[in-house]
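Tertiary structure, described
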Amino acid sequence: IIHQDAEGKEQSLVERYVLWDRALNVILARPLLGTGINTYVRSYPEFDKTQSWRVKYYYAHNSYLQLAAERGIPALLFFLGFVVCFFARALRAVRKTHDPDVQSLLRGVLAALVGLLFFALVDTAFEPMQTGLQYWFLFAIGARAMSLAGEREAVPA
């Protein structure tokens, strides 16, 4: 996260501020529908108020801001709503099930998702295939584990 320039001054936080400011400019200009999927780098110069020379043609380095910039605030709210509902259901399943394997699986999935969701605050994580696929893979494993928890509790021992 932190790196220095040629003079030994920290640049990463400065650059992230510029990147996040640009993303907010795009969001404010197109709050409902955004600029379109995977169009941020091409579109942000039109809305960038500061026109900083720093980190040109970079993604927002915050997946939530980028999601809102490309797809609009409603898309971000739907995604966050999905995450909250998923976590609520998964935590409920952890409490209700007596199967230690299912509990462990769900706890592991939730821990991994928390880590990835925090990572998304400081880098581009939803958009690249490599990391974006990890999110949906973990959501799928968690959904199946919740299903197993329900099935195993419904079957009398």
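Residues numbered from 1 in each chain as written. Predicted model: local features only at pLDDT ≥ 70, side-chain atom pairs only at ≥ 80, totals over all residues. Heavy atoms only, no water.

1. Describing the packing of helix 4 (residues 73-96) against helix 5 (residues 100-119)
Direction vectors running N to C along helix 4 and helix 5 enclose 155°, while the axes themselves pass 10 Å from each other. Here helix 5 runs roughly antiparallel to helix 4, going by the angle between their axes. As for how helix 4 packs across helix 5, the hand of that crossing is left-handed. Together, F79, V83, F86, F87, A90, L91, A93 and V94 of helix 4 and Q103, L106, R107, V109, L110, L113, V114 and L117 of helix 5 make up the contact between the two elements. Residues belonging to the contact of helix 4 with helix 5 are distributed by class as follows: 14 nonpolar, 1 polar and 1 charged. (Axes fitted to C-alpha atoms, helices over the stretch in contact; angles between N-to-C directions. Helix = DSSP H or I, 4+ residues; strand = E, 2+ residues; numbered from the N terminus. Parallel < 35°, antiparallel > 145°, perpendicular 65-115°, else oblique. Left-handed = near helix turned anticlockwise from the far one by under 90°. Contact = heavy atoms within 4.5 Å. Nonpolar A, V, L, I, M, F, W, Y, C, P; charged D, E, K, R; others polar.)

2. Details of the pattern of salt bridges
Within this structure, the stated rule accounts for 1 salt bridge. The partner of R71 in a salt bridge is E70, and the shortest N-O contact between them spans 3.8 Å. Looking at R71, the relative accessible area reads 29%, which means it is partly exposed. (Salt bridge = Lys/Arg side-chain N within 4 Å of Asp/Glu carboxyl O. Buried < 20%, exposed > 50% of the residue type's maximum accessible area, 1.4 Å probe, protein only.)

3. Some thoughts on the environment of P31
With respect to the helices and strands, P31 occurs in the loop between helix 1 (12-29) and helix 2 (40-47). Judged by relative accessible area, P31 falls into the partly exposed class, the value being 32%. Not counting residues within four places of it along the chain, the set of residues in contact with P31 comprises G72, I73 and P74.

Function cannot be inferred from these measures alone, as they are strictly geometric.
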